[in-house]
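Structural description and commentary
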Amino acid sequence: MRAVGNDLVSDWGKYRPAELTVHLTPPEMETDWTSVYEDLGLKRLSSLLRELNQEDQRAILENISSKAREGDRIARIQSGEKNVFGNIAFERYMRNGQKELTIEALPKHGVVIDFRIYPPEIHVNPRGALPK
């Protein structure tokens, strides 16, 4: 047989404070800038590199073909064209001297921002005082 006093806790009759546990989940924020980048004409790095590579190849081929045409004109100098070198220099200046500038201050679409805020999880264990 067991004794009755052995089942009681050692702090019987004393005040025991409540246990409070709080679990916080940090807030999450996600942003989607793709519409802003598209409005400003900005591209992802992989597509930008691919496009720049294609433009460089096109520019190289155009420069080679223009140099070949200029060489053909110089080779046919006996055909009677006056001031061949001056005409070639003027055409180069007109071809390379034209620049276009577009300034856009604000994109048409804004950034999509998604916030997720989680409430805290609060658990209270009210232990209180035990009777004497």
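For the structure, see preceding data.
Residues numbered from 1 in each chain as written. Predicted model: local features only at pLDDT ≥ 70, side-chain atom pairs only at ≥ 80, totals over all residues. Heavy atoms only, no water.

**Here's the deal with helix 2 (residues 45–75)**
In an α-helix, one turn spans 3.6 residues; hence positions three or four apart end up facing the same way. Going by this rule: Helix and strand definitions here come from DSSP, where helices need a minimum of 4 consecutive H or I residues and strands a minimum of 2 consecutive E residues; each element is numbered from the N-terminal end. Each residue after the first adds 1.5 Å to the expected span of a helix. Burial classification: accessible surface area is computed with a 1.4 Å probe over protein chains only, and a residue below 20% of its type maximum counts as buried, one above 50% as exposed, and the rest as partly exposed.
For helix 2, which comprises 31 residues, the first-to-last C-alpha distance of 45 Å matches the rise-based estimate of 45 Å (1.5 Å per residue) to within 8%. Residues Ser-66, Glu-70 and Arg-73 constitute the buried set of helix 2.

**Re the side chain of Glu-70**
Note the following rule: Polar contact is the term for a pair of N or O atoms within 3.5 Å; when the atoms are in protein, one must be able to donate a hydrogen and the other to accept it, and sequence-neighboring residues count only if both atoms are side-chain atoms.
By secondary structure assignment, the location of Glu-70 is in helix 2. Note on Glu-70: relative accessible area 7%, which makes it buried. Within the structure, the side chain of Glu-70 is placed 3.4 Å from the side chain of Arg-95, a separation counted as a polar contact.

**Here we look at the environment of Met-29**
Worth spelling out the cut-off: Contacts are residue-level and defined by heavy atoms, with any inter-residue pair within 4.5 Å sufficient.
By secondary structure assignment, the location of Met-29 is in strand 3 (residues 28–32). Overall, the relative accessible area of 53% leaves Met-29 in the exposed class. Taking the C-alpha atoms as reference points, Met-29 and Phe-115, 86 residues apart in sequence, are found 4.6 Å from one another. Apart from the residues lying within four places of it in its own chain, the contact partners of Met-29 are Ile-113, Asp-114 and Phe-115.

**Details of the packing of aromatic side chains**
Short version of the rule: Working definition: rings of Phe, Tyr and Trp (its six-membered ring) pair if their centres are within 6.5 Å, and the pair is stacked with planes under 30 degrees apart, edge-to-face with planes over 60 apart, and tilted otherwise.
If you walk through the whole model with that rule in mind, you get one aromatic pair. On the numbers, 6.2 Å between centres and 25° between planes, the contact of Trp-33 with Tyr-37 is stacked. You can call Trp-33 partly exposed: its relative accessible area is 39%.

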